[in-house]
Structures are given as structure tokens and as C-alpha cells.
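Spelled out, the chains give:
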Amino acid sequence: MTEKKKGERVLIVDDTLQNIQVLGTVLREEQYQINVAQNGLQALELVAKVEPDLILLDIMMPELDGFETCKLLKADEKTRDIPIIFLTAKAETDDIVSGFELGAVDYVTKPFNPTELLARVKTHLTMQRLRRELKAYNEQLEHMVAERTAELQKAHRELQVKVRELDGRDRLGNAQMTLKSVDQAYETIMEVVRDVLRVEQVCIYRPTADGARLELKAALGASRAGAIQLPE
């Protein structure tokens, strides 16, 4: 198991000062950073400013109870992955089930047993840290795969071009020995250019006798009309 990193932040949300003092003392002895809120609304405001690594959340509180606070935290993409441990005065099955259904990872009953409390906090902080490490590793792996895929795709495209060029050169070489007319030569040249360069239209121009214009001699996929006037 990964060693605990010092300075992990725990948010205590409880409306009873004595509970906050007990929890704070136990956690500070383990060098955790502590933030405190006395109701759900304060907790939401704090989380928006400083994201904790774990939340100890009392169920019964004024203004906004623990269940509603948990629901709002889990509905927000920025805070949904923060592990929440419910603090409850009585281990009633309905409360425990409701907490887990809302996304809590665990619960601790009051009065607190320091050893049990620390064991659960350490366990869920370790799991959270490992999840973050796994997420970072997966993102890095995806980036590496994307880079490698792009390299392979580029190499594949370059290889395809080389194959088309070699095939075109071979076709032109064979044409020199087999074609019987200029028109057939033009047609073969245009087909090779089209296939090698992957274009839809190919035209061949030749200078006119007076050298004033380029006259269209052959076209593939384009109109055969037209000429290009050359500058004097």
C-alpha cells in the first residue's frame, strides 16, 4: 500500500463544536490539514475555494443536512470524486443505506473511536490517491498511444505514397514500350498522375507553335476546352 502523503486535506462538516474539536485533534496528530464547516452551505462554499482530499460529513445539521450536501457534491463534476465519510450518531440501517446510495464511501458512528476513525480515513485517502495515480497513468498512456498512433498513421500514409509512386513509375516504363500513339501516352500519363497524387482532374498543356500560349492537349475529368496565354 502506498505510504500516506503528509498534508492531505480533510474537511470536517459538523454543527457540534465538541465533535469538531475531537476530530480536529485526532487528524492533526497525523499531520492532516484541516478545514471546518458547521453546516452544508458553509461546506459547499469551502469546497469551491479549496478542494479537500476527503470529507467527514455529519448527517443531522441545520440549513442543509448531510444527505442534501452529499447529493449536491456528487452532482457537481468538480467535486463528485471527493470521498465522503458520513458521521452519524446512530448506526441505523436506513441512514447507512441512504448514504451509500448518495455516493458516500463509508460511515463512522458517534462517539468516535480514534483508532477506527483514523483507519477509515487512511484507507479512503489511500484509495483516492491510488485512483488519482491510476487516472494520471491512464491519461499519460492514452497520450502515448495517441502519439504512437499518429506516427504510425503518418508512416502508413508515406508508405502508401511511395507504393503509388513506384507503381506509377512502373506503369510509365511499360507504357514506353507498348503505347502506339501520343494520345495513348497522354491518357496513361494522366491516369498515373491521378492515381499517384489522388486528384480528380488532370490536364496536359503544350506550347503552341508561336510559343505565345499553352494549349490544352488532353484532359481527364475536366473540360477539354481552354488555353493559357503566356506573358510576352
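For the structure, see preceding data.
Notes on the structure in this doc start here. What you see is a predicted model; the values in this text were computed from it and never measured.

The subject of this paragraph is the sheet that holds strand S4 (residues 84–88). The strand order across the open sheet formed by 5 strands is S2-S1-S3-S4-S5, and the pairing between neighbours is parallel. Each edge of the open sheet is held by one strand with a lone partner, namely strand S2 (33–37) and strand S5 (106–109). Strand after strand, the sheet turns through a mean of 20 degrees between neighbouring axes, direction not considered. Bridge count for strand S3 (residues 54–58) against S4 is 4 bridges, and the pairing is parallel. By the bridge assignment, Leu57 is partnered in S4 with Phe86. Along the sheet, helix H3 (residues 66–75) contacts S3 and S4; its crossing angle with S4, the most-contacted strand, is approximately 175 degrees.

On to the packing of aromatic side chains. Tallying each qualifying case throughout the model produces 2 aromatic pairs. Here the aromatic rings of Phe67 and Phe86 are separated by 5.4 Å at their centres, their planes lie at 75 degrees, and the arrangement is edge-to-face. Of the two residues, Phe67 is situated in helix H3 and Phe86 in strand S4; the sequence distance between them amounts to 19 residues. According to the relative accessible area criterion, Phe67 is buried, its value standing at 16%. On the accessibility criterion, Phe86 (3% relative accessible area) is buried. Taking the centre distance of 6.4 Å and the plane angle of 75 degrees together, the rings of Phe100 and Tyr107 count as edge-to-face. Over the aromatic face of Tyr107 sits the side chain of Arg120, whose NZ or CZ is 5.6 Å from the ring centroid.

Quick look at the environment of Gly40 now. Of note, Gly40 is situated in helix H2 (residues 40–49). As a C-alpha pair, Gly40 and Asp58 span 18 residues in sequence and 9.0 Å in three-dimensional space. If sequence neighbours within four positions are ignored, Gly40 has contacts with Met61, Leu64 and Thr69.

Let us now look at empty space enclosed by the protein. Tallying each qualifying case throughout the model produces 1 cavity of 30 Å³ or more. Each pocket or cavity is described by its volume, and for the largest cavity that value is around 50 Å³. What lines the largest cavity is Ile59, Phe86, Thr88, Asp95, Ile96, Gly99, Phe100, Ala104, Asp106 and Tyr107. Contributions of two or more residues to the lining of the largest cavity are made by S4, helix H4 (93–102) and S5. Per element, the largest residue contribution to the lining of the largest cavity is 4 residues, and it comes from H4. For the lining of the largest cavity, the residue count by class is 6 nonpolar, 2 polar and 2 charged.

Thresholds, definitions, all that
For every chain, the first residue of the written sequence is number 1, and numbering continues from 1 onward in sequence order. With pLDDT at 70 or above as the cut-off, local features in this predicted model cover only qualifying residues; side-chain atom pairs require 80 or more to be listed or tallied, and sums for whole chains, interfaces and linings still use all residues. Water and hydrogen atoms play no part in the side-chain values, which are based on all heavy atoms of the structure. Paired strands, as defined in this entry, are two strands with at least two bridges between them according to DSSP. A run of DSSP states H or I qualifies as a helix once it reaches four residues; a run of E qualifies as a strand once it reaches two. Both are numbered from the N-terminal end. Each axis is a line fitted through C-alpha atoms, and for a helix only the stretch in contact is used; angles between axes span 0 to 180 degrees, taken between their N-to-C directions. Any two residues whose heavy atoms approach within 4.5 Å at even a single point are treated as in contact. Only rings of Phe, Tyr and Trp enter the pairing, Trp through its six-membered ring, and a pair is recorded when the two centres are within 6.5 Å. The plane angle decides the type: under 30 degrees is stacked, over 60 is edge-to-face, the rest tilted. Partly exposed describes any residue whose relative accessible area lies between the buried limit of under 20% and the exposed limit of over 50%, with all areas from a 1.4 Å probe on protein chains only and scaled to the type maximum. Each ring is checked for a lysine NZ or an arginine CZ that lies within 6 Å of its centre and within 35 degrees of its normal; such an atom marks a charge sitting over the ring. Lining residues are defined by having an atom within 4 Å of a point belonging to a cavity or pocket. Those points lie on a 1 Å grid over the protein atoms alone, cavities being sets where a 1.4 Å probe fits but cannot get out and pockets being open sets with protein on both sides within 12 Å along at least five of seven lines. Grid points are joined across faces, edges and corners, and a volume is the space filled by probe spheres set on the points. Under the scheme applied, nonpolar residues are Ala, Val, Leu, Ile, Met, Phe, Trp, Tyr, Cys and Pro; charged residues are Asp, Glu, Lys and Arg; polar residues are all the others, including Gly.

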